[in-house]
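Structural characterization, general
Spelled out, the chains give:
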Amino acid sequence: MAQKTAVITGSADGLGKGIAERLAQDGFNIVLSDINAEKLAQTEQEFKSRNQPVTAFHGNVAKREDQFALVQHAVAAFSSIDVFINNAGIEEVMPLENVTEADFDRVFDINVKGVLYGIQAAAEQMKKQGGDKVYKIINACSIAGHESFDLLGVYCASKFSVRALTIAAAKELAKYKITVNGYCPGVAGTKMWERIDAEMGKHLGLKPGEAFAKFSAGILMGRTQVPQDVAALVHYLASPDSDYMTGQSVIIDGGMVYR
């Protein structure tokens, strides 16, 4: 995978950063992208300190023009792109009866429109590049894209939508030798899950950490996941070993949801 380029949205921290670190180890040129400019700059510097080829783009995936500008930034830095990972996402924790139009739009703008725009921008560039190689678009889904959970209804709906986009894009882009797959994490000790725990605690009357513990108690492997667990799956999806896989959203949750 040496000399290939991978673009990862939402990669300044959390799972996205873990994915970027694994692909850098695999020999990819790394294009970081995030809406948090300060954290993005810090993460870029970490990669540079390890002499890993990296560039960073400050953008908002909910803006179509930003996703296309991200691709152009990547091409300007490294000439082409081989893998585009739609990792950026946000959560929303509340009963469905309380969801406002603004709440719904905020989640779908990032989690669904962001993925759609990323697919569009990446596919346009990959088609221009052509050749015999197989290009990869990889989307962040979730166990919430396979199973709906109370208090996470809008988030789950957004991730079901990501699965739908993944399948449709796989069918439309296969003729261009572009595969489209998704990865579906479970419960990870990230800042997103810290926020979920806090909000669930408010609605359920639980102390800090109790919602997180309750939600993850049934994991068969006996622990919550770390970014490296998810990054290992994305490593496979980004590699030639997955060239014959497309249209799939693969669960990696330590044993929680079974499909």
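Residues numbered from 1 in each chain as written. Predicted model: local features only at pLDDT ≥ 70, side-chain atom pairs only at ≥ 80, totals over all residues. Heavy atoms only, no water.

- Taking an unreviewed UniProt entry as the reference, the protein chain is identified by name as diacetyl reductase [(S)-acetoin forming] belonging to Neisseria dentiae.
- According to its UniProt record, the protein chain has this under Sequence similarities (unreviewed entry): "Belongs to the short-chain dehydrogenases/reductases (SDR) family." (UniProt positions renumbered as here; feature names shortened; annotations may be inferred.)

1. Things to note about the layout of surface pockets
- Approximately 880 Å³ is the volume attributed to the largest pocket.
- Looking at the lining of the largest pocket, the elements with two or more residues in it are helix H1 (14-25), helix H5 (153-173), strand S6 (178-185) and helix H6 (191-204).
- The leading source of residues in the lining of the largest pocket is H6, at five residues.
- Taken together, the residues of the lining of the largest pocket break down into 21 nonpolar, eleven polar and six charged. (1 Å grid on protein atoms, 1.4 Å probe; cavity = no way out; pocket = protein on both sides within 12 Å on 5 of 7 lines; lining within 4 Å. Points joined across faces, edges and corners; volume = space filled by probe spheres on them. Helix = DSSP H or I, 4+ residues; strand = E, 2+ residues; numbered from the N terminus. Nonpolar A, V, L, I, M, F, W, Y, C, P; charged D, E, K, R; others polar.)

2. Digging into the pattern of salt bridges
- The tally for this structure, following the rule as stated, stands at 13 salt bridges.
- Across the pair Lys136 and Asp243 runs a salt bridge, and its minimum N-O distance is 3.0 Å. Note that Lys136 is positioned in strand S5 (residues 135-140) and Asp243 in the loop between helix H8 (227-238) and strand S7 (249-252), a separation of 107 residues in sequence.
- The class for Lys136 is buried, based on a relative accessible area of 2%.
- Between Lys202 and Glu199 there is a salt bridge; the shortest N-O distance is 3.1 Å. Of this pair, Lys202 and Glu199 are both found in helix H6, three residues apart, which corresponds to roughly one turn of the helix.
- A relative accessible area of 62% places Lys202 in the exposed class. (Salt bridge = Lys/Arg side-chain N within 4 Å of Asp/Glu carboxyl O. Buried < 20%, exposed > 50% of the residue type's maximum accessible area, 1.4 Å probe, protein only.)

3. Some words on H1
- Its twelve residues place the ends of H1 17 Å apart at the C-alpha level, agreeing with the 16 Å of an ideal helix rising 1.5 Å per residue.
- For H1, the full list of buried residues reads Leu15, Gly16, Lys17, Gly18, Ile19, Ala20, Leu23 and Ala24.
- Elements in contact with the buried residues of H1: strand S1 (5-9), strand S2 (29-34), helix H2 (37-49), strand S4 (83-86), S6 and H8.
- Phi turns positive, to about 105 degrees, at Gly27, one or two residues after H1. (Expected span 1.5 Å × (residues − 1). Contact = heavy atoms within 4.5 Å.)

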